[in-house]
Amino acid sequence: MSSRYNNHSLDLGNATDCTPCPRGHYCVAGSMQPSPCNLANYAPDEGMDLCSLCPKGKYQDEVGQAQCKPCESGYSCPEGSSVMLEATCKPGTFAPPNFNHMDDCMGCNVGFE
């Protein structure tokens, strides 16, 4: 990620001399340096030209990552989350694993509240 991008980029003979952008980063055409993915984004493969938003049920609170973190039980992580949001369910219901919205709340079992 350091000088191999800058120094090589000035004297390349053809496209096969280019260095692939590292995982967790993106490189637009003509890049001299890879750029790290922002919060709530990731780049799982080398050679990405842009980062992807973390999908529903996952989040990313660090820059330059190749994958998103799973949302913990009792929390909500809508698409593009950089933090886990505390689940909010009505009384008598609970937030199951992979909770993403109040519509996902499940009723407590008989004899529980």
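This text follows the structure it describes.
What you see is a predicted model, and the numbers here were worked out from it, not measured in a lab. (Residues numbered from 1 in each chain as written. Predicted model: local features only at pLDDT ≥ 70, side-chain atom pairs only at ≥ 80, totals over all residues. Heavy atoms only, no water.)

Draft legend 1. Broad picture of the overall build of the protein chain. In terms of regular secondary structure, the protein chain is built from one helix and 10 strands. The buried share of the protein chain, taken over its 113 residues, is 27%. For the protein chain, the accessible area works out to roughly 7400 Å², and carbon and sulfur atoms hold 52% of it. (Helix = DSSP H or I, 4+ residues; strand = E, 2+ residues; numbered from the N terminus. Buried < 20%, exposed > 50% of the residue type's maximum accessible area, 1.4 Å probe, protein only. Areas by Shrake-Rupley, 256 points an atom, 1.4 Å probe, with all protein chains shown as cover.)

Draft legend 2. Region of interest: the state of the cysteines. Evaluated as defined, the whole model comprises four disulfides. Each disulfide pairs two cysteine sulfurs, and for cysteine 37 the partner residue is cysteine 51, the sulfurs being separated by 2.0 Å. Classification of the bridge connecting cysteine 37 and cysteine 51 rests on its S-S torsion, roughly -85°, and on that basis the disulfide is left-handed. Of this pair, cysteine 37 sits in the loop between strand E2 (35-36) and strand E3 (41-42) while cysteine 51 sits in the loop between E3 and strand E4 (52-53), and the two are 14 residues apart along the sequence. For cysteine 37, a relative accessible area of 0% corresponds to the buried category. Exposure remark for cysteine 51: the relative accessible area of 15% places this residue in the buried category. Residue pairing for cysteine 54: its cysteine sulfur links by disulfide to cysteine 68, the two sulfurs lying 2.0 Å apart. (Disulfide = S-S within 2.5 Å.)

Draft legend 3. Just the pattern of salt bridges, in detail. Under the counting rule described, the total for this entry stands at two salt bridges. Of the charged contacts, one joins lysine 69 and aspartate 61 as a salt bridge, the two residues approaching to 2.6 Å between their closest N and O atoms. A relative accessible area of 25% means that lysine 69 is categorised as partly exposed. Across the salt bridge formed by glutamate 62 and lysine 69, the nearest N and O atoms sit 3.0 Å from each other. Each of Asp61, Glu62 and Lys69 takes part in one network of salt bridges that share partners. (Salt bridge = Lys/Arg side-chain N within 4 Å of Asp/Glu carboxyl O.)

Draft legend 4. Quick peek at unusual backbone geometry. Positive phi, normally seen in glycine, also occurs at alanine 40, with a value near 70°. In this fold, alanine 40 is placed in the loop between E2 and E3.

Draft legend 5. Here's a closer look at the environment of aspartate 104. Within the secondary structure, aspartate 104 is located in the loop between strand E9 (93-94) and strand E10 (106-107). Under the relative-accessibility criterion, aspartate 104 is labelled partly exposed at 28%. Remark: the alpha-carbon pair of aspartate 104 and serine 76, spanning 28 residues in sequence, is separated by 9.9 Å.

Purely geometric stuff here, so don't read any function into it on its own.
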